Amino acid sequence: MKRFIVCALIGIISSSVFAQSTAQNIAKGIEFHNAAKTESDGYARKCKESLFPYIDVNMTARAYYGSAVTLEAGYCSKSNPLHALDLLREGSSYIDEAVAKENTNAELHIIRLVNGILVSKSSPFKRYAVIKDDVAYLLEKKNTAELDKNTMALTYLYCGYYRIEENSLEEALDLFDKAIAAAPGSDSAKEAQIMEARYEE
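The structure displayed is predicted, hence computed values, not measured ones.

Reading the values: rules and limits
- Residues numbered from 1 in each chain as written.
- Predicted model: local features only at pLDDT ≥ 70, side-chain atom pairs only at ≥ 80, totals over all residues.
- Heavy atoms only, no water.
- Helix = DSSP H or I, 4+ residues; strand = E, 2+ residues; numbered from the N terminus.
- Buried < 20%, exposed > 50% of the residue type's maximum accessible area, 1.4 Å probe, protein only.
- Contact = heavy atoms within 4.5 Å.
- Areas by Shrake-Rupley, 256 points an atom, 1.4 Å probe, with all protein chains shown as cover.
- Lys, Arg positive; Asp, Glu negative; His and termini not counted.
- Charge placed at Lys NZ, Arg CZ, Asp CG, Glu CD.
- Core = buried A, V, L, I, M, F, W, Y, C linked by side-chain atoms within 4.5 Å.
- Arc of directions from axis to C-beta.
- Phe/Tyr/Trp six-rings, centres within 6.5 Å; stacked < 30°, edge-to-face > 60°.
- Lys NZ or Arg CZ within 6 Å of the ring centre and 35° of its normal.
- Salt bridge = Lys/Arg side-chain N within 4 Å of Asp/Glu carboxyl O.
- Expected span 1.5 Å × (residues − 1).
- pLDDT = per-residue confidence, 0-100.
- Polar contact = N/O pair within 3.5 Å; in protein donor to acceptor, adjacent residues only side chain to side chain.

Q: Can you lay out the overall build of the protein chain for me, pointing to particular residues and giving the numbers?
A: Counting secondary structure elements, the protein chain contains 9 helices and 0 strands. Dimensions along the principal axes, computed over C-alpha positions, put the protein chain at roughly 75 × 45 × 30 Å. For the protein chain, the proportion of its 201 residues judged to be buried stands at 45%. Long-range contacts, defined here as pairs at least 24 residues apart, represent 54% of the contacts in the protein chain between residues at least 6 apart. Of the roughly 11600 Å² of accessible surface on the protein chain, 54% is carried by carbon and sulfur atoms. The positive charge centre, built from 23 side chains, and the negative charge centre, built from 28, are 6 Å apart in the protein chain.

Q: Hey, could you go over the nonpolar core for me, with residue numbers and the actual values?
A: Counting residues in each nonpolar core, the largest one holds 30 residues, and the members touching the most others are L113, I117, L157, Y158, Y161 and F176. Where this core is concerned, the elements lending two or more residues are helix 5 (106-122), helix 6 (128-138), helix 7 (149-165), helix 8 (169-182) and helix 9 (187-200). Looking at this core, the element that brings in the most residues is helix 7, giving 9 residues. Residues within four places of Y158 in sequence aside, it is in contact with L113, V114, I117 and L118. Formed by 26 residues, the second largest nonpolar core is a distinct cluster that contains Y64, Y65, A73 and F125.

Q: A description of helix 2 (residues 43-51) should follow, citing residues and the corresponding values.
A: Count 3.6 residues to each turn of an α-helix, and residues three or four apart come out pointing the same way. All buried positions along helix 2 are accounted for by A44, C47, K48, S50 and L51. Buried residues along helix 2 cover an arc of 165° about the axis, so they all sit on one side.

Q: Please set out the packing of aromatic side chains residue by residue, giving values where relevant.
A: Tallied over the full model, the rule gives 5 aromatic pairs. Ring plane angle 65° and centroid distance 6.2 Å describe the contact between Y161 and F176, whose orientation is recorded as edge-to-face. In this pair, Y161 sits in helix 7 while F176 sits in helix 8, placing the two residues 15 residues apart along the sequence. Residue class for F176 comes out buried when judged on its relative accessible area of 0%. Among the aromatic residues, those joined into a cluster by ring pairs are F52, Y65 and Y94. Here the guanidinium or amino end of K121 rests over the ring plane of Y161, the centre of that ring lying 3.8 Å away.

Q: Could you give me a rundown of the pattern of salt bridges, with the residues and numbers involved?
A: Using the criterion set out here, one finds 12 salt bridges in the structure. Between R62 and E97 there is a salt bridge; the shortest N-O distance is 2.6 Å. Linking R62 in helix 3 (residues 59-75) with E97 in helix 4 (residues 81-101), this pair joins segments that are 35 residues apart in sequence. A salt bridge links D96 to R127, with the nearest nitrogen and oxygen atoms 2.7 Å apart. Residue D96 is found in helix 4, and its partner R127 is found in the loop between helix 5 and helix 6; the two are separated by 31 residues along the sequence. Taking the relative accessible area as the measure of exposure, R127 reaches 5% and is therefore buried.

Q: Requested: an account of the environment of L118, with residues and values cited.
A: For L118, the position within the fold is in helix 5. Put simply, L118 and Y161 are 43 residues apart on the chain and 9.9 Å apart in space, counted from C-alpha to C-alpha.

Q: Before we move on, could you go through helix 5 and cite the residues and values that matter?
A: Under the 1.5 Å per step criterion, the end-to-end length of helix 5 is 24 Å for 17 residues, consistent within 8% with the ideal 24 Å. Of all 17 residues making up helix 5, 13 are buried, and the element is well covered by its neighbours.

Q: Explain the confidence of the model for the protein chain residue by residue, including any values.
A: With 90% of its residues at a pLDDT of at least 70, the protein chain reaches an overall mean of 89. The spread of mean pLDDT over the elements of the protein chain runs between helix 1 (residues 2-35), the lowest at 64, and helix 6, the highest at 98. Long-range and interchain partners of residues 1-18, a stretch whose pLDDT sits below 50, account for 0 contacts in this model, where long-range means more than four residues apart.

Q: Please give an account of the side chain of S186 that cites residues and values.
A: Note on placement: S186 falls in the loop between helix 8 and helix 9. Within the structure, S186 has its side chain in polar contact with the backbone nitrogen of A189 (distance 3.1 Å). Setting aside residues up to four positions removed in sequence, S186 forms contacts with N150 and A153.

In structure tokens form, the structure reads like this:
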């Protein structure tokens, strides 16, 4: 019996270590994603390498992996626009699959919203019809009750961007106000202030 308990404990500890290692690797991949600015820094590639082993079992990893693919599209948008468009479709597909599998995960909706706005603004590949669902989900208070203030500011900011695109200026300005109130002094709040100044002139 004692041997059985020891073996069982070893199994639990091994599983715990594996889970911790997985979480650390995914966190590292997300760090690479957020640091990616140019092709030469290699962070988008490192992000994909870090996250690829987990994209079938962890939807956050899948969504960030897809976002990294869209970052790579930006690197070749001028030299090979057709390949860039293929990468945008591929990366967006990963994100959409992640959201579909965990449709009540607010973080995944935020990833798709932010990525979709940035992709739509910088390329011919428009995502507004898809991210409409993310805006509707994220503006339901019950769905974002556990988010921290900085994340809420980011969410309000990008929902505001979406409202601008659908020509709902009054609603957009209200969302920019909420972004500022949610986390005063944050990057999202500062950007919201810039947007308000632009459209209130």
